[in-house]
Amino acid sequence: MNKIVIIEDETLSANRLIRLIKDYDDSITILGPFQTTDEVKNFLTSDHDYDLIISDIRLGAHTVFEAFELNMPTSFVIFTTAYDEYAMNAIKSNGIDYLLKPVNSKDLFNSLDKINMLLHKATPPTALSAVARDMQIWRSRFLVTKGDELVPLKADEISCIYSGERQVVAYTHDGEVYVMNDGLSDLETTLNPDIYFRINRQYIANINYLEKISFFFSSKLHVRIKGCSDNNIIISKTRASKFKQWLNK
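First things first, this report covers the structure right here in the doc. What you see is a predicted model; the values in this text were computed from it and never measured. Residue numbering note: each chain is counted from 1, following its sequence as written. In keeping with the model being predicted, local features are shown solely for residues with a pLDDT of at least 70 and side-chain atom pairs are shown and tallied solely at 80 or more, while totals for entire chains, interfaces and linings include all residues. Processing note: side-chain calculations cover all non-hydrogen atoms of the structure and skip hydrogens and water entirely.

### A look at helix H8 (residues 237-247)
Then step 1. When a residue's accessible area, from a 1.4 Å probe over protein chains only, is under 20% of the maximum for its type it is buried; when over 50% it is exposed; and in between it is partly exposed. Numbering of helices and strands starts at the N terminus; helices are DSSP runs of H or I of at least 4 residues and strands are runs of E of at least 2. When we look at burial in H8, the residues that qualify are Ala240, Phe243 and Trp246. The buried side chains of H8 occupy one side of the element, clustering within an arc of 120 degrees when seen end-on. Relative to its buried face, H8 has exposed residues pointing more than 90 degrees away, namely Lys237, Thr238 and Gln245.
Then step 2. Two residues form a contact once any of their heavy atoms are found within 4.5 Å. Next to the buried residues of H8 lie strand S13 (196-198), strand S14 (203-206), strand S15 (210-215), strand S16 (221-225) and strand S17 (233-235). Arc definition: directions from the helix axis to the C-beta atoms.

This is the structure we're talking about:
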């Protein structure tokens, strides 16, 4: 690994990354830091000679994903951020690791070791997203609302998520209901598929809170979920087959 690109709009954080990288290997050439999405766009358009990007997610009022949507990086990306709500976007943008600030040397060095190992195996660019998905970086909590309050809700407390006509709500195992800010399709891609399953057009269920599964007409299934007020959740014949496969992993 010879060249690392730094994308960071905070001077102190950028200087810290530079120092840690030089501590890891002082022969590495550092490009940047790039501080705005425009700078990132210009760089990615003109330069493809780099081995790794280390990038903050928020750049002022924007996110680095705005630049990556126009020019996908040709290398792995280590994301550094004070927030964890961008994990799935990070995966889709060739993210290989997701480090929370302030970044410490142990976590960064482990990530750089992992990158070196993958580069030595000559991992092709087309495999980047697949490798990142294998790391299973999933949302661990959501900022939701209840009345006029903002509440940080842990993902493992959610028994199911329901999409109604006007809003998406999360039910907890103890019957609390919270309004979510994401659509059901987006949520489906951010939750761990080993634990959460899209059982029909309206519901995502947590395997840990399935209270009862029974046969219904025409090979459909009837499901009851702990904490959910709807006792008439039906899974279609087609979806039921996939649901049973998921349960039987």
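From this point on, the discussion continues.
### A look at the sheet that holds S16
Then step 1. At least two bridges found by DSSP between two strands is the condition for calling them paired. The strand order across the open sheet built from three strands is S15-S16-S17, with neighbouring strands paired in antiparallel fashion. At either end of the open sheet lies a strand with only one pairing partner, and these are S15 and S17. Across the sheet, the axes of successive neighbouring strands diverge by a mean angle of 30 degrees, strand direction being ignored.
Then step 2. Pairing geometry for S16 and S17, over three bridges, is antiparallel. Directly across from Val223, in S17, lies its bridge partner Ile233.
Then step 3. Taken strand by strand, H8 contacts S15, S16 and S17, and its axis lies near 130 degrees from that of S15. Lines fitted to C-alpha atoms define the axes, with helix axes restricted to the stretch in contact, and inter-axis angles between N-to-C directions lie between 0 and 180 degrees.

### Comments concerning the packing of aromatic side chains
Any aromatic ring pair is given by two values, namely how distant the centres are and how the planes are angled relative to each other.
Then step 1. Under the pairing criterion, centres of Phe, Tyr and Trp rings, with the six-membered ring standing for Trp, must be within 6.5 Å; the plane angle then separates stacked pairs below 30 degrees from edge-to-face pairs above 60, leaving the rest tilted. Within the structure shown, the criterion is met by ten aromatic pairs.
Then step 2. Arranged with centres 5.6 Å apart and planes meeting at 40 degrees, the rings of Phe43 and Tyr50 form a pair that is tilted. A single burial state applies to Phe43 and to Tyr50, both of which are buried.
Then step 3. Chaining the aromatic ring pairs together yields one cluster made of Phe34, Phe43 and Tyr50.
Then step 4. Whether a charge lies above a ring is judged from NZ of Lys or CZ of Arg, which has to be within 6 Å of the ring centre and within 35 degrees of the ring normal. Over the aromatic face of Tyr178 sits the side chain of Lys146, whose NZ or CZ is 5.4 Å from the ring centroid.

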